[in-house]
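The lines below spell out each chain.
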Amino acid sequence: MFDAATRGRYSTDASIYQIDPVGVVVPRDEAELKTIVDIARGLAVPILARGAGTSQCGQTVGAALVIDCSKHLREIVSFDRDRAEVTVQPGLVLDHLNAWLKPHGLWYPVDVSTAAQCTLGGMAGNNSCGSRSIRYGNMVHNVAGIDAILADGSEVAFGRLDGSEPAAVRRLGDAVRALADRERDEIERQVPKVLRRVGGYNLDIFHPQSELPYTTDNTVNLAHLLVGSEGTLAVTRRLTLKLAPLPRHKVLGVVNFPTFHKAMESAQHIVRLKPVTVELVDRTMIELARANPAFRAVIEDALIGAPDAILLVEFTGDAEDAPRRDLKTLVELMGDLGLPGSVVEMTDARRQSALWEVRKSGLNIMMSMKGDGKPVSFIEDCAVPLEHLADYTARLTDVFERHGTRGTWYAHASVGTLHVRPILDMRRDGAARMRAIAEEASALVRQYKGAYSGEHGDGLVRSEWVAWQFGPRLARAFEEIKGLFDPQDLLNPGKIVRPTRMDQRELFRYRPGYRGITLSTALDWSAWDVQNDPRTEALTAPGSGSDPAGGFGKAVEMCNNNGHCRKFDAGTMCPSYRATRDEQHLTRGRANTLRLALSGQLGAEAFTSQALHETLDLCVSCKGCKRDCPTGVDMARMKIEFLHHYKARHGHTLKDRLIAHLPRYAHWGARLPWLFNLRDTLPGAAALSQRMLGFSARRKLPTWRRDTFLGGLAFSIGSDGRSLPQCEGAAGEVVLFADTFNNAFEAENAHSALAVLETAGYTVHVAIPAAEGRRFRPLCCGRTYLASGMVDEAKAEARRTLAALEPYAARGVPIVGLEPSCLLTLRDEYTVMGLGPASGRVAANSFLLEEFLVREHKAGRLKLALQALPHKAALVHGHCHQKAFDAFTPVQTVLGWIPDLAVKPIESSCCGMAGAFGYEAAHHDVSMAMAELSLLPAVRSADAGTLIVADGTSCRHQIHDGAGREALHVARVLAMALDQGR
């Protein structure tokens, strides 16, 4: 792929750099990988092998042919349980490997925080470490062999040098050994003795300097030279990894400290208890986690008062009592150190896991800062001996202060590697400050006999410091090693040897002259258009950040390429990537393409181009990134903005208009359902609709009906011109908002909700338009218009809906809805559509039915006599928007009120239907692929007596189409449980 957009998506990683590659290739198998290397060598084109592209130092960007190994080269090739070894391809994700190994009682213990997305090939290239390296070592200590392709095209298996190795390996091994012997005194003098040292090449494999030997039997393994070489010596084809038994029992002690210095000072004492890990979270990180709804409850569970820092101390053991004894010893130690009562003891696996997720997200939480100043990675993983850690951190903090900034500290206190990123504005004077801070920090590292690169490698930001760390003799030896393996300098050139300068600004993402295009936005993005104070992190007023796109550009730039959207765990983000594994159809890929377009790097008309439309086409607007992305990239909202401008230039299709205007003709469908249903009842009509309109003939459209919800109610108009309540009770008032779908297509859901609220004793108003009389058109949230980019039409519908709902909200009357995508539009998009203060009042008073019931139950006001159902189990699928707004748990809670009903959530991402998305012929296959990842298999595996519950109308249709099962809205299930008692 050689188009500008694709190359642009691969021009960045999680560093500050941007370099356009020559092109991008995605090999489908190992044979193609070999062919690519051969072709590139023949053309003298540099090669850059890449995994997840999450490098923080710029290892995976360069003017080379990028080889993306992550899509196809992700197989487990072989497994030897007795030897505890596994052979894998380089594109396999760490979490996927460990999930496969778990039934065998084994795991790969280099547990980096990006385990959900990082590939094992990338980990080897970087010599990754992980939180538990004090117990298990670094990547290099856990690699048994590497099968690689050399620059000359030869395929070589690197392993132990014991006389049985292939001739090519022996020749290279002999040559490297000769270098190591020649430089032995320099190796002993210059190579840091700390565990966390990942800079340069591992030339000391022949004369180990680390506190943890490379091998347990003092043999030499030439594969260890490739580990940490950042793809500059060979292209990895396979890796053989050493496994460890899974810990059977874990406990976690969270030590709360009154000062940061006390935490650093205590680390050296805590490690003597031989914990598996000791991880730091400082005050800034604590507050950032508390500000994130996904993490607030979890972090607060770990706090005692208001600590300035916490240390997470984990103990493991085969027997349950051993780690618990260790935890008690930790409590006693902290008392001896003057901090009695400072430890939160966690023995529950779920509490531990939840807190570790917060810690794993530490870097990304830190990067969620708005404004041009961002925490920058360049000295963040310097490693110093533990006895110097407190002094080092104190003195480096002073360095930051002198240069007008500050840093946030977190991570690996157990091994003296604390991640810290000073806040710098790389568009302005950040480069000069970066250089000055780096020079002072390096002097401290040298004074304390530490390592300048302790975890994240060299790349573009630290390769120039290799010579400083190891001295000119070893730097020349590294160049000789590079010449032995890659004489033409084709493999990831410019890393480790013969580097560029770290502050070479033309290589920056925000290089000199970077500026966004001027754009008049349809939505309000001013909250992102701010600047920050690097010392206090205080923000200027919204709209003051000088973004010519009104904050839209800065919202897009929040993506720092951390790759969290590549994960496949229980979260929602990113369903289109999960189905396609294409960088283009990834939240990061979309954000990168948007940023390039908004900054004019893809051409003058790129923002409204077909190429950008194709990039955003498979975004299902699930809002998973709104919650799951640690930096808050909201691609669903960004797609609305994009479509508004794209359609203004290219026009709307008839299909667009039919979908968007559905709320305005839905009442006609109720009057003439036989006519509107002809598409699915008349032979050949479905095929015709696919050819003419693009609706998939493999889908049935929603069925029109006469008996709509609103049509079945009697409305009495009061003296103020508003409708009177449908029922009256003593529990309080509530207004039921019947959306288009639950009114026109699934009226039984709304009737059930009304019955539940009435039975609970509420006075229930049903929202209808103000001052339209008895022959009114039903209300609509405007969601269908937003999905089509018709923002002005959406605003018109929103104003009409606000006029009907705001009088209730002004009185504090809760607004209750049923369809997540509709009700949550009131809480989300309404607040950025320029609708005035009424939108805020309505947003604050809007609840899904289950949210309202849980709130009332907690307040002691809810009285529902639910009875047991014939069904004894319920399988629940969460709508993406429910998950994005933390509104899925209430569904499980209210279902749990039904006696004898076992409630189990389906661990799924988006169902793939996503409103009209799955009905479109162009999207049918990818829609089904999304559903087949986990949702449909889970539903098919459920027995016939299990209730399938899904609140989203699209979700229910997908489940019916894909699994042949009827899914029910939670309102219907609750109504059924009430009917059992009648």
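Thresholds applied
Residues numbered from 1 in each chain as written. Predicted model: local features only at pLDDT ≥ 70, side-chain atom pairs only at ≥ 80, totals over all residues. Heavy atoms only, no water. UniProt positions renumbered as here; feature names shortened; annotations may be inferred. Core = buried A, V, L, I, M, F, W, Y, C linked by side-chain atoms within 4.5 Å. Buried < 20%, exposed > 50% of the residue type's maximum accessible area, 1.4 Å probe, protein only. Helix = DSSP H or I, 4+ residues; strand = E, 2+ residues; numbered from the N terminus. Pairing = 2+ DSSP bridges. Axes fitted to C-alpha atoms, helices over the stretch in contact; angles between N-to-C directions. Contact = heavy atoms within 4.5 Å. Expected span 1.5 Å × (residues − 1). Parallel < 35°, antiparallel > 145°, perpendicular 65-115°, else oblique. Domains from an automatic or database assignment. Buried area = accessible area lost by both parts, 1.4 Å probe. Arc of directions from axis to C-beta. Patch = residues over 30% accessible without salt bridge, like charges linked within 9 Å, V, L, I, M, F, W, Y side chains within 5 Å. Areas by Shrake-Rupley, 256 points an atom, 1.4 Å probe, with all protein chains shown as cover. Salt bridge = Lys/Arg side-chain N within 4 Å of Asp/Glu carboxyl O. Left-handed = near helix turned anticlockwise from the far one by under 90°. Nonpolar A, V, L, I, M, F, W, Y, C, P; charged D, E, K, R; others polar.

For the chain, an unreviewed UniProt entry supplies the name FAD-binding protein and the organism Vineibacter terrae. Taken directly from UniProt, the Cofactor (unreviewed entry) text for the chain runs: "FAD".

With 72 residues, the main nonpolar core has Phe 552, Phe 607, Met 635 and Met 638 as its most contacted residues. Looking at this core element by element, the count peaks at eight residues for helix 33 (residues 791-810). In this structure, Ile 270, Leu 280, Ala 309 and Leu 339 belong to the second largest nonpolar core, which totals 59 residues.

What follows deals with unusual backbone geometry. A negative phi angle is the norm for most residues apart from glycine, just as the trans form is the norm for most peptide bonds. In this structure, Cys 574 follows Met 573 across a cis peptide bond, with omega equal to -5 degrees. Its location among the elements puts Cys 574 in the loop between helix 19 (552-556) and helix 20 (575-580). One non-glycine residue, Glu 537, lies in positive phi territory at about 65 degrees. With respect to the helices and strands, Glu 537 occurs in the loop between helix 18 (466-485) and helix 19.

As summarised here, the arrangement of the five strands in space is 4-5-9-7-8, forming an open sheet in which the pairing is antiparallel. Edge positions in the open sheet fall to strand 4 (76-80) and strand 8 (155-158), since each of these has one partner strand only. Adjacent strand axes in the sheet meet at a mean angle of 10 degrees when their direction is disregarded. Where helix 2 (residues 30-43) meets the sheet, it contacts strand 7 (143-149), strand 8 and strand 9 (235-242), and its direction lies at approximately 135 degrees from that of strand 9.

The topology assignment puts Glu 85 in strand 5 (residues 85-88). According to the relative accessible area criterion, Glu 85 is buried, its value standing at 17%. Excluding anything up to four places from it in sequence, Glu 85 contacts Phe 79, Asp 80, Ala 144, Thr 240, Leu 241, Lys 242 and Leu 243.

A few words on the UniProt feature "domain: FAD-binding PCMH-type" (unreviewed entry) in the chain. Here the UniProt feature "domain: FAD-binding PCMH-type" (unreviewed entry) sits at residues 17-246. End C-alpha to end C-alpha, residues 17-246 measures 38 Å, and it is 26% helix and 19% strand.

A separate point is helix 16 (residues 430-447). Relative to the 26 Å expected for 18 residues at 1.5 Å per residue, helix 16 spans 26 Å between its end C-alpha atoms, a close match to the ideal helical length. Taken as a whole, helix 16 has its buried residues at Gly 430, Ala 431, Met 434, Arg 435, Ile 437, Ala 438, Ala 441, Ser 442, Leu 444 and Val 445. On the buried face of helix 16, the contacting elements are helix 15 (389-402), strand 17 (417-424) and helix 18. Where helix 16 ends, the next residue or the one after it, Lys 449, has phi of about 55 degrees, a positive value.

Right, let's get into the sheet that holds strand 23 (residues 902-905). With respect to topology, three strands assemble into an open sheet ordered 23-22-24, the strand pairing being parallel. Both edges of this open sheet fall to strand 23 and strand 24 (946-950), since each of them pairs with a single strand only. Direction aside, the axes of adjacent strands within the sheet are offset by 25 degrees on average. Of the pairings in the sheet, the one linking strand 22 (residues 873-877) to strand 23 comprises four bridges and is parallel in character.

Packed helices, taken two at a time, are described by the angle their axes make and the gap between the axes. It is the contact of helix 31 (residues 747-759) with helix 36 (residues 849-858), at a shortest axis distance of 12 Å, that shows an interaxial angle of 10 degrees. Our classification of the angle between helix 31 and helix 36 gives roughly parallel. Of helix 36, the residues touching helix 31 (which contributes Ala 753, Val 756 and Leu 757) are Leu 849, Phe 852 and Leu 853.

Moving on, we come to the domain arrangement of the chain. Along its sequence, the chain is organised into domain 1 (76-245), domain 2 (247-262 + 276-359), domain 3 (526-650), domain 4 (660-859) and domain 5 (873-977). The C-alpha-based centres of domain 3 and domain 5 are spaced at 28 Å. Listed per partner, the contact involves 16 residues of domain 3 and 17 residues of domain 5. Carbon and sulfur atoms make up 67% of the area that domain 3 and domain 5 hide from each other, which totals about 1,400 Å².

Right, let's get into helix 26 (residues 662-671). Considered for burial, the residues of helix 26 that qualify are Leu 662, Pro 663, Ala 666, Gly 669 and Ala 670. Here the buried residues of helix 26 occupy an arc of 95 degrees about the axis, which is enough to place them on one side. Contacts from the buried residues of helix 26 go to helix 25 (654-660), helix 27 (673-676), helix 30 (740-744) and helix 32 (783-787).

If you trace the backbone, Phe 847 turns up in strand 21 (residues 846-848). Each C-alpha atom, one on Phe 847 and one on Pro 820, is 9.4 Å from the other, the two residues being 27 residues apart in sequence. Each residue touching Phe 847, except ones within four places of it in the same chain, is listed here: Pro 814, Ile 815, Val 816, Gly 817, Leu 823, Arg 827, Phe 852 and Arg 855.

A cluster of nonpolar side chains, Trp 668, Leu 672, Trp 674 and Leu 675, forms an exposed patch at the surface whose accessible area comes to about 420 Å². Examined against the element boundaries, Trp 668 turns out to sit in helix 26.

Packing of helix 33 against helix 35 (residues 837-844) leaves a shortest axis separation of 9 Å and a crossing angle of 65 degrees. Helix 35 is crossed by helix 33, and the crossing has left-handed handedness. Taken together, the residues of helix 35 that come into contact with helix 33 (itself represented by Leu 802, Leu 805, Glu 806 and Ala 809) are Ala 838, Ser 839, Arg 841 and Val 842. A per-class count over the contact of helix 33 with helix 35 returns five nonpolar, one polar and two charged.

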